[in-house]
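# Notes for the structure review
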Amino acid sequence: TDCFNGIRVWSLAWIVFAHTVYYQAFITGYADPVSQRITQHSPVFVVLLSGEFAVDTMFFLSAFLFAQLMHKQLVKSNGRLPMMMAILQRYLRLTPSLAFALLLYAFVFPYILQGPFAVALQKTVVKRCHVSWWSELTYTMNFIPWEYSKTCMTWTWYLGNDMFFFIAGLPITLL
């Protein structure tokens, strides 16, 4: 598992670094000549922008560890797998912390934010979360609402995918 932890650390560092650059570009743009020269001629920058593949690495690790765990469970239980109980346990393990984050983000932070961008952020958060807060708690945020820009907490897309892959992977492990 040390190898997996190493892969996980490198992947997370790659994801965080790529997001840092993405958000800087989103907020400020690359209008200055120095940034344009770096982005157009740097092989390191191309590797950085390929940070999407680090997310695939996280999905691979999740699937591998899931398959290993399910194999152990199937051997221990003579080929029986209580699928609904597994889904319920996973839901109950993940959802309380997600619900707490949703509570803070959607119903507390908009009313305590201050600063020049606070009003615009408050309107955006309240508008998005008023409509789609429930899709976060059902892990359907990648399907409902259909438009990404209308999702309450857009960064939770990974949890929705991971839950979907878990549910879809359960019957596959029985094959």
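Residues numbered from 1 in each chain as written. Predicted model: local features only at pLDDT ≥ 70, side-chain atom pairs only at ≥ 80, totals over all residues. Heavy atoms only, no water.

### As for the packing of helix H5 (residues 83-108) against helix H7 (residues 157-173)
At a minimum axis separation of 10 Å, H5 and H7 run at an interaxial angle of 170°. By the angle between their directions, the pair H5 and H7 is classed as roughly antiparallel. Facing Met 83, Ala 86, Ile 87, Arg 90, Tyr 91, Leu 94 and Leu 98 of H5, the residues of H7 in contact are Leu 159, Asp 162, Met 163, Phe 166, Ile 167, Leu 170 and Pro 171. Grouping the constituent residues of the contact of H5 with H7 by class yields twelve nonpolar, no polar and two charged. (Axes fitted to C-alpha atoms, helices over the stretch in contact; angles between N-to-C directions. Helix = DSSP H or I, 4+ residues; strand = E, 2+ residues; numbered from the N terminus. Parallel < 35°, antiparallel > 145°, perpendicular 65-115°, else oblique. Contact = heavy atoms within 4.5 Å. Nonpolar A, V, L, I, M, F, W, Y, C, P; charged D, E, K, R; others polar.)

### Regarding helix H6 (residues 118-137)
The largest bend along H6 measures about 60° and falls at Val 131. Ala 118, Val 125, Cys 129, Ser 132, Ser 135, Glu 136 and Leu 137 are the residues of H6 that are buried. Each element contacted by the buried residues of H6 is listed here: H5. Remark: Tyr 139 follows H6 within two positions and exhibits a positive phi of approximately 60°. (Bend = angle between axes of the 7 residues up to and from the residue. Buried < 20%, exposed > 50% of the residue type's maximum accessible area, 1.4 Å probe, protein only.)

### Notes on the state of the cysteines
All chains considered together, the criterion is met by one disulfide. With a sulfur-sulfur separation of 1.9 Å, Cys 129 is cross-linked through a disulfide to Cys 152. Handedness of the Cys 129-Cys 152 disulfide follows from its S-S torsion of about 85°: it is right-handed. One end of the pair, Cys 129, is in helix H6; the other, Cys 152, is in the loop between H6 and H7, with 23 residues separating them in the sequence. (Disulfide = S-S within 2.5 Å.)

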